[in-house]
Amino acid sequence: MNIVACIKRVPTTDAQAKVNADGKSLDTSGFQYMTSFYDEIAVEEAIKTKEAHGGEVTVLTVGPTEGTKEVRECIAKGADGGVILTDPDWGQRDNLSTAKVLAARLSEMGAELAFFGKVATDRDNNAVGAMTATKLGWACVTDVIELSLADGRGTAKRESESGVESVEFSLPAIITCDKGLNEPRYAGLKGIMAAKKKPLEEAQFENVPNQIEVESLELPAPRKEGRIVGEGPEAVAALIDALRNEAKVL
Amino acid sequence: MSTILVFAEHGAGTVRRASLECIAAAKATGSDVVAIVTGQGATDAAESLGNHGASRVVCLTGADQYSPDATGVDIAAVACDLGVRGFLAAATSTGKDLAPRVAMHLDSVLFSDCTGLEAAGDSFKISRPWLAGKAIANCTSTGPVFCATTRLNSFATNEVGGTAEVSERPASTDGKVIVTGITAKEGGKLDVAEAPIVVSGGRGLKEPEGFKIIEDLAEALGNTAVGASRAVVDAGWRPHSEQVGQTGKVVSPGLYIAVGISGAIQHIAGMKTSGVIVAINKDPDAPIFKLADYGIVGDAFEVVPALTAAVKELMATA
């Protein structure tokens, strides 16, 4: 099976937000980057699928050339190659145009199954996987916590507010991965060495216009200062009083 | 007047609160609101939708099982037929799954998890979190239809007392993805993102059994979900569905009680827009106290049972 794992390079989750002087973009100085948390789960599921059903795994990303580092790291876990679509407008790229760019490439690659993280932990869109599948006319199951494939079809479980949904789908498909689907492996030394010899293509793509216009970016207003109402169980009465009479939430 | 189409979720005819919030958010922009519903009981749902602000309700009928891709096609077709200026859904699991499909059919960017929505000329403006709320982006779109999902507990519901004109439309039945069943949560437990009150526990509870005091407090408060920090989810004490934070759920309940949670930046990102924050922690220097409206320094195993007892007493006299 021709399997693709789509990843995104994002700031590490301990990054502190600062706004640039233009008032509408993030000051990224001092940021460190990583593969988005859920995309690691996507890479793992792609490799597991290859191990179970045969085929090849390609790691695909849209982003700055520096993202070759994250692609290489994912290849080291057991993928067969990578493609980075280098994006001069990366900071402005919106979910619609990202999905169109990825759909075009997936189609060109002859992919049959693509794994995405359920959400990238920078813009928190929760959208690109399902958008890409829609553009391709493929099935898409989002937030998957359990997956099984056989004979060109699949079943999956996904978590919703009301419980766990059982889903059936046809291939080709895009699966967006949630925590719990698997436990991502670490790359061993052998994998890291092997990854250096595996193909990593840096490619251009035909630009697709963005629709999003950021008017301003702000830091959330600081919360009003709170107070310690007391120590130990004796403070419970003061807390109840504050919640009832001051905050009026009880 | 511009028209906004809102996907309304319901369970057996009872509309989800998150969808009523979404309709109220749409209505507050001064737009005409058309709701679209699907599944068993769709026509029962139509009545309360009118009361909450929809002038028309389109019921997709005839599909025995829910298919997100088929529903996406149907909604996009209705959006085109009506010439709507906007499409909204609540940012529930179903809404987040469906909205990107609709947005792509409409060739429009999607704004997910919006916390603010207002009219701007003949279009709209939204506010939404980036980096799990470490920054707030105020955005517009040049796309043909303004597509967005609204964050749960971020907009008030509104009863306007209207009646909606109801029409039916056959649902597409050629979906590539079919939801064949659902295993409901035990005892109708509330989801952490949806609940008006959340009580969360962390490492300070020492062991999985330590969560008993959290569950007891949640039960005493009523209408309350149990949340958890990443550390205890990674340790396997609690399911990921309860995790609050940057790699879990971002929640905004009216009251958030953090017990034995130090307040790592990734956790804070997931709960800092809560209405009132209470922290109970042994360590007076825990970062969570900087964020909390009210704090108690003390041993969770002494403070929480006392709080539970006090809440029970209060509920009994209320």
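Enquirer: Whenever I open this one, the interface of chain A and chain B confuses me. Can you help?
Expert: Where interface size is given, it is often the accessible area lost as the parts come together that is meant. Of the residues lining the interface, 80 residues belong to chain A; the matching set on chain B comes to 84 residues. Of the roughly 7,100 Å² buried between chain A and chain B, counting both surfaces, carbon and sulfur atoms make up 57%. In terms of surface lost to chain B, no three residues of chain A exceed Glu161, Gln211 and Arg223 of chain A, which account for 12% of the buried area on that side. Inspection of the region where chain A meets chain B yields five salt bridges.

Enquirer: How should the nonpolar core be read in this particular structure?
Expert: Most often, soluble globular proteins keep nonpolar side chains buried together rather than apart. In this structure, Leu5, Leu49, Val57 and Phe87 of chain B are the most contacted members of the largest nonpolar core, which totals 94 residues. If you tally residues by element for this core, the top one is helix H1 (residues 17-27) of chain B, at six residues. In this structure Val57 of chain B touches Ala35, Val37, Ala46, Leu49, Ala164, Glu165, Val166 and Ser167 of chain B, once residues within four positions along its chain are discounted. Counting residues in hydrophobic clusters, the runner-up holds 37 residues, among them Ala5, Val141, Val144 and Leu200 of chain A.

Enquirer: Would you mind showing me how to read the domain arrangement of chain A here?
Expert: Splitting chain A by domain gives domain 1 (2-203) and domain 2 (224-250). Using only C-alpha atoms to locate each centre, domain 1 of chain A and domain 2 of chain A end up separated by 45 Å.

Enquirer: I would appreciate a short explanation of the pattern of salt bridges in the present structure.
Expert: If charged atoms from side chains of opposite charge come close, those side chains can pair. All names here are of chain A. In total, this model carries 34 salt bridges over all chains according to the counting rule given. The shortest N-O distance in the salt bridge between Arg158 and Asp143 comes to 3.7 Å. You can see Arg158 sitting in strand S8 (residues 153-160) and its partner Asp143 sitting in strand S7 (residues 139-150), a full 15 residues away along the chain. A salt bridge links Glu146 to Lys157; the shortest N-O distance between them is 3.9 Å. Here Glu146 is found in strand S7, whereas its partner Lys157 is found in strand S8, with 11 residues between them in sequence. When salt bridges that share partners are traced, they join Arg9, Lys69, Glu70 and Glu73 into one network.

Enquirer: For this particular structure, what's the right way to read the pairing of strand S16 (residues 255-259) of chain B?
Expert: Regular strands place their side chains on alternate faces of the sheet. Residues and elements named next belong to chain B. Extensive coverage of S16 is indicated by the burial of five of its five residues. Residues Leu255, Ile257 and Val259 point to one face of S16 and Tyr256 and Ala258 to the other, with burial holding for every one of them. Bridge analysis of strand S14 (residues 197-201) against S16 gives five bridges, and the strand direction is parallel. Paired with Val199 across the two strands is Ile257, which belongs to S16. Across five bridges, the pairing between S16 and strand S17 (residues 276-281) is parallel. Across the sheet, Ile257 pairs through a bridge with Val278, a residue of S17.

Enquirer: Quick question: what am I supposed to make of helix H9 (residues 300-317) of chain B here?
Expert: Spacing of three or four residues puts side chains on the same side of an α-helix, whose turn is 3.6 residues. Its 18 residues give H9 of chain B an end-to-end C-alpha distance of 25 Å, which sits within 8% of 26 Å, the value for a rise of 1.5 Å per residue. All buried positions along H9 of chain B are accounted for by Ala300, Val303, Val304, Leu307, Thr308, Val311 and Leu314 of chain B. Taken around the axis of H9 of chain B, the buried residues stretch over an arc of 135 degrees, which confines them to a single face. Residues of H9 of chain B that are exposed and angled more than 90 degrees away from the buried face: Lys312, Glu313, Ala316 and Thr317 of chain B. Buried-residue contacts for H9 of chain B involve helix H6 (236-246) of chain A together with helix H5 (212-221), S16, S17 and strand S18 (294-297) of chain B.

Enquirer: Would you explain the sheet that holds strand S4 (residues 56-63) of chain A in this entry?
Expert: Strand pairing in a sheet relies on backbone hydrogen bonds, with the paired strands running either antiparallel or parallel. One open sheet holds the 10 strands; their spatial order is S11(A)-S5(A)-S4(A)-S1(A)-S6(A)-S10(A)-S7(A)-S8(A)-S9(A)-S13(B), and the pairing between them is mixed. Either end of the sheet is taken by a strand with one partner, and the two such strands are strand S11 (200-203) of chain A together with strand S13 (177-184) of chain B. Across this sheet, the average inter-strand angle for adjacent strands is 30 degrees, counted without regard to direction. As defined by bridge partners, S4 of chain A adjoins strand S5 (residues 81-86) of chain A across six bridges and the pair is classed as parallel. Following the sheet pairing, Thr61 of chain A is matched in S5 of chain A by Ile84 of chain A.

Enquirer: Looking at this model, I keep getting lost on the sheet that holds strand S5 (residues 56-61) of chain B. Mind explaining?
Expert: All names here are of chain B. As summarised here, the arrangement of the seven strands in space is S7-S11-S6-S1-S4-S5-S12, forming an open sheet in which the pairing is parallel. For this open sheet the edge positions go to strand S7 (110-114) and strand S12 (165-170), each flanked by a neighbour on one side alone. Each strand axis lies, on average, 20 degrees off the axis of its neighbour in the sheet, ignoring direction. Examined bridge by bridge, strand S4 (residues 32-38) and S5 share five bridges and lie parallel to one another. Paired with Ile36 across the two strands is Val58, which belongs to S5. Contacting S4, S5 and S12, helix H2 (residues 42-51) runs over the sheet at an angle of about 155 degrees to S4. Of the strands in this sheet, strand S1 (3-7), strand S6 (86-90), S7 and strand S11 (146-150) touch helix H4 (residues 93-105), which is tilted by about 160 degrees from S6.

The rules behind the values
Residues numbered from 1 in each chain as written. Chains lettered and ligands numbered in written order. Predicted model: local features only at pLDDT ≥ 70, side-chain atom pairs only at ≥ 80, totals over all residues. Heavy atoms only, no water. Contact = heavy atoms within 4.5 Å. Buried area = accessible area lost by both parts, 1.4 Å probe. Salt bridge = Lys/Arg side-chain N within 4 Å of Asp/Glu carboxyl O. Core = buried A, V, L, I, M, F, W, Y, C linked by side-chain atoms within 4.5 Å. Buried < 20%, exposed > 50% of the residue type's maximum accessible area, 1.4 Å probe, protein only. Helix = DSSP H or I, 4+ residues; strand = E, 2+ residues; numbered from the N terminus. Domains from an automatic or database assignment. Pairing = 2+ DSSP bridges. Expected span 1.5 Å × (residues − 1). Arc of directions from axis to C-beta. Axes fitted to C-alpha atoms, helices over the stretch in contact; angles between N-to-C directions.

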